[in-house]
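Understanding the architecture of this molecule
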Amino acid sequence: ALLFLSRRQPSDAHLVHRHGRMLERPTDIRHPHRLRKDDRVKVTWTYDRGDQRANHEVELDDPNALEALLREIQKTGEPVVVTIFDELNEDSDDLPPGIQIGLGHPTYAFALHVADDGGYVNDPMVETPTEGLQFDFGGVPTEYPAECLRLRPETAVQLAVTFLKTGGRPPEAVSQRCAAI
């Protein structure tokens, strides 16, 4: 059983990046949990490699293609935040519903359901790491507290694939607060 952590976010991780600016969560996020009719999502991630920033964005509607992509990102061994969301409405400052997952660490990951009532997903069977970890978030190294990293990379990948397969439904889990927040 997975636990769903509260919508309150830890330290810098409570900021969500959109078009070069950071939005405070959760007030700037649309509430509906459904993707567009075609269930097509955008997947974005960025690596900061010193003087070079590698931005990536793809659109997908095939859960198998999403799973393959996320497994490739995990294999790089570079901790990075992957944001999966519905198409942005250019007339709105609202971030559409989605899911963010932290991949690239060999043992730990995170998953954050981005919605008004969203939060971190936690697996109580996963031991809490001894310290927080940094994930590259839009080219910015961002510290995530250990208490919010109780998820295996495989589980984070499956949560993202399920999010696409179900048309954007939130992860089914019990709501609970992360001790760090």
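Nothing here was measured: the structure is a model prediction, and the numbers come from that model. Sequence order sets the numbering: in each chain, residues are counted from 1 along the sequence as written. Residue-level local features of this predicted model are given only where pLDDT is at least 70; pairs of side-chain atoms are given and counted only at 80 or more, and the full residue set underlies all totals for whole chains, interfaces and linings. Derived side-chain values reflect all non-hydrogen atoms in the structure, with water molecules and hydrogen atoms excluded from consideration.

1. Description of the overall build of the protein
Elements are defined by DSSP. Helices are runs of H or I of four residues or more, strands are runs of E of two residues or more, and each kind is numbered from the N terminus. When its secondary structure is counted, the protein shows 2 helices and 12 strands. Listing the helices and strands of the protein from first to last along the sequence gives β-β-β-β-β-α-β-β-β-β-β-β-α-β. Exposed residues in this analysis have more than 50% of their type's maximum accessible area, buried residues have under 20%, and partly exposed residues fall in between, with area computed by a 1.4 Å probe over protein chains only. Among the 181 residues that make up the protein, the fraction classed as buried is 52%. Within the protein, counting contacts between residues at least 6 apart in sequence, those at least 24 apart form 68% of the total. Only the protein chains shown count as cover for residues, with accessible areas throughout obtained via the Shrake-Rupley method and a probe of 1.4 Å. Carbon together with sulfur atoms contributes 47% to the accessible area of the protein, which is approximately 8,800 Å² in total. Whether two residues touch is decided by their heavy atoms; if any such pair falls within 4.5 Å, the residues are in contact.

2. What about the environment of leucine 60?
The residue leucine 60 is located in strand S5 (residues 52–60) in this model. Residue leucine 60 is classed as buried on the basis of its relative accessible area, which comes to 14%. Once the C-alpha coordinates of leucine 60 and valine 41 are considered, the two residues, 19 residues apart in sequence, prove to be 5.4 Å apart.

3. A look at the pairing of strand S10 (residues 133–137)
Here S10 lies mainly inside the structure; 4 of its 5 residues are buried. Between any two strands, at least two bridges found by DSSP are needed for them to pair. What sits between S10 and strand S11 (residues 140–144) in their antiparallel hairpin is a turn of 2 residues, with glycine 138 showing a positive phi close to 65 degrees.

4. Description of the pairing of strand S6 (residues 80–85)
S6 sits mainly inside the fold: 6 of its 6 residues count as buried. For strand S4 (residues 41–49) and S6, the ladder comprises 3 bridges, and the chain directions are antiparallel. Considered in S6, the bridge of lysine 42 is made with phenylalanine 85. Relative to strand S7 (residues 98–103), S6 is paired through 6 bridges, and the arrangement is antiparallel.

5. Looking at the pattern of salt bridges
One side-chain nitrogen of Lys or Arg within 4 Å of one carboxyl oxygen of Asp or Glu is enough to make a salt bridge. Enumeration according to the criterion identifies 5 salt bridges in this entry. As a salt-bridge pair, arginine 71 and glutamate 154 come within 2.6 Å of each other at their nearest N and O atoms. Taken together, the residues span a long stretch of sequence, with arginine 71 in helix H1 (residues 63–75) and glutamate 154 in helix H2 (residues 153–165) at a distance of 83 residues. Lysine 75 is the salt-bridge partner of glutamate 72, the closest N and O atoms lying 3.6 Å from each other. Within this pair, glutamate 72 and its partner lysine 75 are both found in helix H1, separated by 3 residues, close to a single helical turn. Classification of lysine 75 by relative accessible area gives exposed; the value is 63%.

6. Observations regarding the environment of glutamate 154
Since its relative accessible area comes to 38%, glutamate 154 is described here as partly exposed. Sequence spacing of glutamate 154 and leucine 103 is 51 residues, and the spatial spacing of their C-alpha atoms is 9.1 Å.

7. A word on the packing of H1 against H2
For helices, the axis comes from a line fit to the C-alpha atoms of the stretch in contact; other axes are also lines fit to C-alpha atoms, and the angle between any two N-to-C directions lies between 0 and 180 degrees. The interhelical angle for the contact between H1 and H2, taken along N-to-C directions, is 155 degrees, at an axis separation of 9 Å. Relative to H2, the element H1 is oriented roughly antiparallel. Judged by the sense of rotation from one axis to the other, the crossing of H1 with H2 is right-handed. In this structure, H1 uses Pro63, Leu66, Glu67, Leu70, Arg71 and Gln74 to contact H2, whose residues at the interface are Pro153, Glu154, Val157, Gln158, Ala160, Val161, Leu164 and Lys165. A class-by-class count of the residues in the contact of H1 with H2 yields 8 nonpolar, 2 polar and 4 charged. Oblique is the label for every angle not falling under 35 degrees (roughly parallel), over 145 degrees (roughly antiparallel), or within 65 to 115 degrees (roughly perpendicular). Note on convention: near helix rotated counterclockwise from far helix by under a right angle means a left-handed crossing. Clockwise means right-handed. In the scheme used here, Gly and all other residues not listed as nonpolar or charged are polar, with Ala, Val, Leu, Ile, Met, Phe, Trp, Tyr, Cys and Pro taken as nonpolar and Asp, Glu, Lys and Arg as charged.

8. Re the confidence of the model for the protein
Reading fine detail from the predicted coordinates is not recommended where pLDDT is low. Confidence in the prediction for the protein averages 76 pLDDT; 68% of positions are at 70 or higher. pLDDT measures the predictor's confidence residue by residue and takes values from 0 up to 100. Least confident of the elements in the protein is strand S3 (residues 21–24), whose mean pLDDT is 37; most confident is H1, at 96. Scored below 50 in pLDDT, residues 1–33 makes 131 contacts in the model with residues more than four places away or belonging to other chains.

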